[in-house]
Amino acid sequence: MTMLSSIRKWIVASAVALGFAAFPAPAQAPELAMLERVETGMWTLKERGKPDIRDRICVRDARKLLQIEHRNATCSRFVIEDTPKQVTVSYSCPGTGNGRTTIKFEGSELLQINTQGIVNGSPFAYAVEGRRAGGC
């Protein structure tokens, strides 16, 4: 390889690298950005069609609502849908089960949550309305 050939390759490689640097990658929205709009605090979960409150959860991060039945488990998540009005996530918690949850945003203090899966070997499936009830 001649010195001139090496210089040409270096110039071409530099031009290609600079060309890619001139075109920034498209910006990406934060994953599950809809949940950032949900107010923190105490939330009540009332199963649709039933008069009693099913659960109360202190929510400091709305992602906690994705794993109602596995709230204290360490789970891996796979995002199925991520829009400004709705998120759907499938998750797996080694040793305790798995689930799939859809959260529909109706307001920063009102959510519709559908969840189903397996917890400790038993199936679960229900739909709840989540309402912010105040501070924790």
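Values in this document were obtained by computation on a predicted structure and should not be read as measured data.

### Focus: a positive patch on the surface
1) Next: Together, Arg37, Arg48, Lys85 and Lys104 make up a region of like positive charge exposed at the surface.
2) Next: Looking at Arg37, the relative accessible area reads 38%, which means it is partly exposed.

### Describing the pattern of salt bridges
1) Next: Across all of its chains, the model carries seven salt bridges by this definition.
2) Next: With a shortest N-O distance of 3.9 Å, Arg54 and Glu47 are connected by a salt bridge.
3) Next: A relative accessible area of 19% places Glu47 in the buried class.
4) Next: Across the pair Arg131 and Glu129 runs a salt bridge whose closest N-O atoms are separated by 2.9 Å.
5) Next: Note on Arg131: relative accessible area 42%, which makes it partly exposed.
6) Next: Take Glu129: its relative accessible area is 24%, and that puts it in the partly exposed class.
7) Next: Within this structure, Glu47, Lys50, Arg54 and Glu69 form a network of salt bridges that share partners.

Reading the values: rules and limits
- Residues numbered from 1 in each chain as written.
- Predicted model: local features only at pLDDT ≥ 70, side-chain atom pairs only at ≥ 80, totals over all residues.
- Heavy atoms only, no water.
- Patch = residues over 30% accessible without salt bridge, like charges linked within 9 Å, V, L, I, M, F, W, Y side chains within 5 Å.
- Areas by Shrake-Rupley, 256 points an atom, 1.4 Å probe, with all protein chains shown as cover.
- Salt bridge = Lys/Arg side-chain N within 4 Å of Asp/Glu carboxyl O.
- Lys, Arg positive; Asp, Glu negative; His and termini not counted.
- Charge placed at Lys NZ, Arg CZ, Asp CG, Glu CD.
- Buried < 20%, exposed > 50% of the residue type's maximum accessible area, 1.4 Å probe, protein only.

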